[in-house]
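Each chain, written out:
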Amino acid sequence: EAGLGKTDEKIIVQGIVDLILPTDNGLILVDFKTDRISDDRIGERAERYAGQIRYYKQAAETILGRPVTEAYLYFLGPGKLHPMNC
């Protein structure tokens, strides 16, 4: 299978971070989500976005040269802020 297992391959990922807040300790990353879900499904849905948040964290730290100390998803439907592991 050509290309499988190679570690020198480059992957291009495109995305836009909705909000980065600079603080004295580092950066706070917030991504807004329009998913129509109930409060009790937020944790489950947030798991789907964990990879995206990791990419955003890595990009922000590389480009801005500061650590991301906190990351959140804000679900617009239920109006809830959900912390993500950094």
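Residues numbered from 1 in each chain as written. Predicted model: local features only at pLDDT ≥ 70, side-chain atom pairs only at ≥ 80, totals over all residues. Heavy atoms only, no water.

(A) Representation of the overall build of the protein chain. Secondary structure summary: the protein chain contains two helices and four strands in total. Overall, the protein chain shows an N-to-C arrangement of helices and strands of β-β-α-α-β-β. Against the compact-globule benchmark of 12 Å for 86 residues, the protein chain has a radius of gyration of 15 Å, which places it well outside the compact range. Along the first, second and third principal axes, the C-alpha set of the protein chain runs to 45 × 35 × 20 Å. A total of 86 residues make up the protein chain; the buried ones form 27% of that total. Residue pairs at least 24 apart in sequence account for 58% of intrachain contacts in the protein chain once pairs closer than 6 positions are excluded. Summed over its atoms, the accessible surface of the protein chain is roughly 6400 Å², and 50% of this surface lies on carbon and sulfur atoms. Put simply, the protein chain has 11 plus and 13 minus side-chain charges, and the middle of one group is 2 Å from the middle of the other. (Helix = DSSP H or I, 4+ residues; strand = E, 2+ residues; numbered from the N terminus. Rg over C-alpha atoms; globule rule 2.2 N^0.38 Å. Buried < 20%, exposed > 50% of the residue type's maximum accessible area, 1.4 Å probe, protein only. Contact = heavy atoms within 4.5 Å. Areas by Shrake-Rupley, 256 points an atom, 1.4 Å probe, with all protein chains shown as cover. Lys, Arg positive; Asp, Glu negative; His and termini not counted. Charge placed at Lys NZ, Arg CZ, Asp CG, Glu CD.)

(B) Helix 2 (residues 50-64), seen in detail. Taking 1.5 Å of rise per residue, 15 residues should cover 21 Å, and helix 2 covers 21 Å from first to last C-alpha, within 8% of that figure. All of the buried residues along helix 2 are Ile53, Tyr56, Lys57 and Ala60. Each buried residue of helix 2 lies within a common arc of 105 degrees when the element is viewed along its axis, so the set occupies one face. Along helix 2, exposed side chains directed more than 90 degrees from the buried face belong to Arg54, Gln58, Thr62 and Ile63. Taken together, the buried residues of helix 2 touch strand 1 (19-22), strand 2 (27-33), strand 3 (68-75) and strand 4 (80-84). (Expected span 1.5 Å × (residues − 1). Arc of directions from axis to C-beta.)

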